[in-house]
Amino acid sequence: PRPVAADVRAVELRGRLGDFSEAVHRCSGVGKCLADTTGSLGVMCPSYQATREEQDSTRGRARVLQEMINGGVVRLGWKSPEVHRALDLCLSCKGCARDCPTGIDMAAYKSQVLDHTYRGKLRPRSHYALGWLPRWGRLITRARVLSRLVNMSMAAPGLRNLIRWGAGVEQRRSLPQFA
């Protein structure tokens, strides 16, 4: 017999994390992620603590991922704008993996979503620029002359704007200085 769409979708969602669908559906909606646990040294979700919007909580994000898997409300799968909006403020801090009673690990889920979204495609410039920043930083700071040259380049108004654009960084952000 031919596989039904749900079967194909389940196979498509299997990845390095195992069964993504099963993992996302572990969220039972208990809502510990909505509680202020900072007094007891809990970290759960810093972005939710900053915004106080449930969509930015671990539970809110898990619900969007569940809808993506179910295919009802969120229909475009890995590339759905709703999914990316929900994960946008996730800092990948792993606070949810530590504090969630059901073991939700939103950082791992975000990683899987981004992997599927960009598989076989170029990522945004900022992913490459910021992802390689530690390596570039080590390389630049090894040579004193090079670090001075880079710092001068980033101080020049025209070059500074060009560097920000090339790195996919917001123009209002300041650039780091190298020692």
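Please read these numbers as outputs of a predicted model, since none were measured by experiment.

1. Here we look at unusual backbone geometry
For Arg-52, which is not glycine, the phi dihedral falls at a positive 60°. When you line up the elements, Arg-52 lands in the loop between helix H3 (46-51) and helix H4 (58-70). One non-glycine residue, Ser-92, lies in positive phi territory at about 55°. Position of Ser-92 relative to the elements: it lies in the loop between helix H5 (81-88) and helix H6 (95-99).

2. Re the packing of H5 against helix H7 (residues 106-118)
Axis separation between H5 and H7 bottoms out at 11 Å; the angle between their running directions is 140°. The angle between H5 and H7 falls in the class oblique. Classified by chirality, the crossing of H7 by H5 is left-handed. Taken together, the residues of H7 that come into contact with H5 (itself represented by Val-83, His-84, Leu-87 and Asp-88) are Met-106, Lys-110, Val-113, Leu-114 and Thr-117. Split into classes, the residues belonging to the contact of H5 with H7 amount to five nonpolar, two polar and two charged.

3. Some points on the packing of aromatic side chains
A complete count under the given rule lists two aromatic pairs for this structure. Ring centres 5.1 Å apart and planes at 50° place the aromatic pair Phe-20 and Trp-78 in the tilted group. Of this pair, Phe-20 sits in helix H2 (residues 20-24) while Trp-78 is found in the loop between H4 and H5, placing the two residues 58 residues apart along the sequence. The class of Phe-20 is buried, set by a relative accessible area of 0%. Overall, the relative accessible area of 8% leaves Trp-78 in the buried class.

Conventions we followed
Residues numbered from 1 in each chain as written. Predicted model: local features only at pLDDT ≥ 70, side-chain atom pairs only at ≥ 80, totals over all residues. Heavy atoms only, no water. Helix = DSSP H or I, 4+ residues; strand = E, 2+ residues; numbered from the N terminus. Axes fitted to C-alpha atoms, helices over the stretch in contact; angles between N-to-C directions. Parallel < 35°, antiparallel > 145°, perpendicular 65-115°, else oblique. Left-handed = near helix turned anticlockwise from the far one by under 90°. Contact = heavy atoms within 4.5 Å. Nonpolar A, V, L, I, M, F, W, Y, C, P; charged D, E, K, R; others polar. Phe/Tyr/Trp six-rings, centres within 6.5 Å; stacked < 30°, edge-to-face > 60°. Buried < 20%, exposed > 50% of the residue type's maximum accessible area, 1.4 Å probe, protein only.

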